[in-house]
Amino acid sequence: MVYRPRVRSAQPVLGTTVRRVVLHVGTPKSGTTYLQRVLEANRPVLAEHGVVVHGRERVDLVHAAMVVRDDPRLERLPARAATAWERLCGQVRESGARVDVVSYELFAGATAEQAARAIEDLQQAVGPDGVVEVVVTGRDLGRALGSAWQERLKFALTAPAEEWTPPGEDVVRSEWGWRTLDPSGVAERWSSGLDDARIHVVTVPRGGAPEELWRRFAAALGLDDVPVDPGLDRANQTLGPAAAEVLRRVNEQVGAPLDTNREQALWLRDLLAHEILAGLDPTPFGTSPHLLDLARGQFEIATARFEGRGYTWHGSLEELAPTAAQGLTPGATSVRDQLDVAVRAVYALLLRVRDLESARTSAAREAAAARSEEHTSELQSPMYLVCRLLLEK
């Protein structure tokens with residue numbers, strides 16, 4: 001028997017004087033990029049209605065989440081990164097907004113103790129009469145797991161989709177395992193400092209209808225009456241199955257200097273995966289039976305964990321139930337298809353190098369021409385002509 005959670009309406013915001021800060025903590029791969037783009041694109045109209053979206057620079061949100069999660073990688077970053085959460089809380093304190101919104105998906109990995117500290121910090125920022133609420137977005141766990149494998153692939157993962165097992169919830173530092181992907185665990189940890197009713201669970205609609213996702217998210221934020229335009233295309237950086245297999249095989253060759261997260265983000269993810277491979281293989285990416293079985297097992301855990309909790313739902317538990325995406329898995333693609341993608345990728349990279357070299361050459365020519373013009377001007381200056389006349393005497 002599938003547990004059906006109670007559905008509540010978010011408290012109205014417009015027309016009230018109570019300050020609210022809403023922290024959207026993920027989960028990853030649940031429409032977060034689309035929602036953040038809608039917030040960003042509609043900053044002016046939101047501001048007119050007393051809503052401030054914090055984190056204009058995404059890197060500040062990345063660092064803030066690292067601070068909340070006590071991420072040891074902060075030690076290798078500039079000192080300013082360690083103050084990102086403190087600065088964000090200061091911005092909330094100073095904004096004077098009716099609603100402050102903070103959205104970044106990797107807050108999801110926080111422990112219960114870390115979440116409670118963060119909520120206390122935000123409560124202090126909005127004052128004793130203010131309200132802190134948390135939004136957890138989630139999607140079909142089978143689709144989420146396939147997307148997580150692809151994200152790990154962009155950071156040099158070599159395990160095939162037909163064999164990969166995500167890190168468990170007990171792996172605190174994992175950003176692409178069940179700790180961050182299962183909304184029931186995320187909600188449970190973030191509820192440690194809040195009443196259940198202040199935790200909003202927003203599920204991605206079947207079929208991925210973006211405007212319905214925004215409507216649910218806006219209801220969680222209490223922004224139903226704000227005239228936001230949600231009509232943005234959802235960014236799709238999913239790789240086709242043959243393209244994914246090409247990247248996995250490239251990963252088998254990866255070593256220094258591409259052995260750090262920063263280098264892999266720049267060259268494997270941003271360049272090779274997003275800019276080159278994502279446009280070369282339109283074949284639908286299918287869910288492997290292995291990943292689907294894992295997702296079904298996790299859904300049973302999630303169902304039991306949600307039961308009896310008084311979270312505020314926007315959507316339904318059934319929308320988290322795993323289904324298989326129809327298409328090919330990477331291991332089922334032919335060598336011919338993989339070779340076709342690889343050859344076109346090499347050509348696309350060749351054109352990229354050509355463009356960069358042309359730009360470099362053009363810049364060098366412009367610099368040389370500028371130096372020549374400067375030298376000519378110097379030769380024609382009155383001072384140079386006087387010196388020349390004196391020397392000729």
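Structure report, in brief. (Residues numbered from 1 in each chain as written. Predicted model: local features only at pLDDT ≥ 70, side-chain atom pairs only at ≥ 80, totals over all residues. Heavy atoms only, no water.)

1. Digging into the packing of helix 4 (residues 84-95) against helix 5 (residues 112-126)
Here comes step 1: Running from N to C, helix 4 and helix 5 cross one another at 30°; their axes reach a closest spacing of 8 Å. Viewed along their axes, helix 4 and helix 5 adopt a mutual orientation that is roughly parallel. Of the two elements, helix 4 crosses helix 5, and the hand of that crossing is right-handed. Within the contact between the two elements, helix 4 uses Trp 85, Cys 89, Val 92 and Arg 93 and helix 5 uses Ala 118, Asp 121, Leu 122, Ala 125 and Val 126.
Here comes step 2: A class-by-class count of the residues in the contact of helix 4 with helix 5 yields seven nonpolar, no polar and two charged. (Axes fitted to C-alpha atoms, helices over the stretch in contact; angles between N-to-C directions. Helix = DSSP H or I, 4+ residues; strand = E, 2+ residues; numbered from the N terminus. Parallel < 35°, antiparallel > 145°, perpendicular 65-115°, else oblique. Left-handed = near helix turned anticlockwise from the far one by under 90°. Contact = heavy atoms within 4.5 Å. Nonpolar A, V, L, I, M, F, W, Y, C, P; charged D, E, K, R; others polar.)

2. A closer look at the side chain of His 24
Here comes step 1: Note that His 24 resides in strand 1 (residues 20-24).
Here comes step 2: Only 2.9 Å separates the side chain of His 24 from the side chain of Thr 137, close enough to count as a polar contact. (Polar contact = N/O pair within 3.5 Å; in protein donor to acceptor, adjacent residues only side chain to side chain.)

3. Some points on helix 10 (residues 241-251)
Here comes step 1: Where burial is concerned, most of helix 10 is hidden: nine out of the eleven residues are buried.
Here comes step 2: Considered for burial, the residues of helix 10 that qualify are Pro 241, Ala 242, Ala 243, Ala 244, Glu 245, Val 246, Leu 247, Arg 248 and Asn 251. (Buried < 20%, exposed > 50% of the residue type's maximum accessible area, 1.4 Å probe, protein only.)

4. Here's the deal with the packing of aromatic side chains
Here comes step 1: Counted by the stated rule, this structure contains six aromatic pairs.
Here comes step 2: When the ring of Phe 306 is compared with that of Tyr 311, the centres are 6.1 Å apart and the planes differ by 85°; the resulting orientation is edge-to-face.
Here comes step 3: Classification of Phe 306 as buried rests on a relative accessible area of 1%.
Here comes step 4: Summarising the aromatic geometry, the rings of Phe 306 and Trp 313 are spaced 4.8 Å apart at their centres and angled 70° between planes, so their arrangement reads as edge-to-face.
Here comes step 5: Residue Trp 313 is classed as buried on the basis of its relative accessible area of 1%.
Here comes step 6: An aromatic cluster is present here, built from Trp 85, Tyr 104 and Phe 107 joined pairwise through their rings. (Phe/Tyr/Trp six-rings, centres within 6.5 Å; stacked < 30°, edge-to-face > 60°.)

5. A word on a nonpolar patch on the surface
Here comes step 1: Judged by side-chain polarity, Tyr 347, Leu 350 and Leu 351 come together as a nonpolar surface patch covering roughly 320 Å² of accessible area.
Here comes step 2: As for its position among the elements, Leu 351 is in helix 13 (residues 335-379).
Here comes step 3: The class of Leu 351 is partly exposed, set by a relative accessible area of 36%. (Patch = residues over 30% accessible without salt bridge, like charges linked within 9 Å, V, L, I, M, F, W, Y side chains within 5 Å. Areas by Shrake-Rupley, 256 points an atom, 1.4 Å probe, with all protein chains shown as cover. Salt bridge = Lys/Arg side-chain N within 4 Å of Asp/Glu carboxyl O.)

6. A closer look at unusual backbone geometry
Here comes step 1: In this structure, Thr 27 follows Gly 26 across a cis peptide bond, with omega equal to 20°.
Here comes step 2: Take Thr 27: it is sitting in the loop between strand 1 and helix 1 (32-41).
Here comes step 3: Put simply, Ala 256 and Pro 257 share a cis peptide bond, and its omega is 10°.
Here comes step 4: Structurally, the position occupied by Pro 257 is in the loop between helix 10 and helix 11 (261-276).
Here comes step 5: For Lys 29, which is not glycine, the phi dihedral falls at a positive 65°.
Here comes step 6: Along the chain, the position of Lys 29 falls in the loop between strand 1 and helix 1.

7. Some words on the pattern of salt bridges
Here comes step 1: Taken as a whole and judged by the stated rule, the model has 30 salt bridges.
Here comes step 2: The partner of Glu 40 in a salt bridge is Arg 56, with the nearest N and O atoms 3.9 Å apart. Placement of the pair is Glu 40 in helix 1 and Arg 56 in the loop between strand 2 (51-53) and helix 3 (58-68), with a sequence separation of 16 residues.
Here comes step 3: The exposure class of Glu 40 is partly exposed, given its relative accessible area of 36%.
Here comes step 4: A relative accessible area of 59% places Arg 56 in the exposed class.
Here comes step 5: In this structure, the salt-bridge partner of Glu 245 is Arg 249, at a minimum N-O distance of 3.3 Å.

8. Structural notes on the packing of helix 6 (residues 141-153) against helix 12 (residues 289-306)
Here comes step 1: Between helix 6 and helix 12, the least distance of the axes is 8 Å, while the angle of their chain directions is 125°. Between helix 6 and helix 12, the crossing angle belongs to the class labelled oblique. With respect to the hand of their crossing, helix 6 and helix 12 are arranged in right-handed fashion. The segment helix 6 lies against helix 12, with Leu 141, Gly 142, Leu 145 and Gly 146 engaging Leu 291, Leu 294, Ala 295, Gln 298 and Phe 299.

9. Things to note about the pairing of strand 4 (residues 131-138)
Here comes step 1: Burial analysis of strand 4 places eight of its eight residues in the buried class, the great majority of the element.
Here comes step 2: Of the two faces of strand 4, the one carrying Val 131, Glu 133, Val 135 and Thr 137 and the one carrying Val 132, Val 134, Val 136 and Gly 138 are both buried.
Here comes step 3: In terms of strand pairing, strand 1 meets strand 4 through five bridges, oriented parallel. The partner of Leu 23 across the bridge, within strand 4, is Val 134.
Here comes step 4: Pairing geometry for strand 4 and strand 5 (residues 199-203), over five bridges, is parallel. (Pairing = 2+ DSSP bridges.)

10. Overview of the side chain of Glu 245
Here comes step 1: Residue placement: Glu 245 occurs in helix 10.
Here comes step 2: Judged by its relative accessible area of 6%, Glu 245 is buried.
Here comes step 3: The contacts of Glu 245, once residues within four sequence positions are left out, are Pro 330, Thr 333 and Gln 338.

11. What to know about the nonpolar core
Here comes step 1: Of all hydrophobic cores here, the largest spans 69 residues; its most connected members are Trp 85, Phe 107, Trp 190 and Leu 277.
Here comes step 2: Dropping the residues within four chain positions of it, Phe 107 is found in contact with Leu 23, His 24, Val 25, Leu 61, Ala 64, Ala 65, Val 68, Trp 85, Val 102 and Trp 190.
Here comes step 3: Grouped together as the second largest cluster of nonpolar side chains are 23 residues, Val 38, Leu 46, Val 202 and Val 204 included. (Core = buried A, V, L, I, M, F, W, Y, C linked by side-chain atoms within 4.5 Å.)

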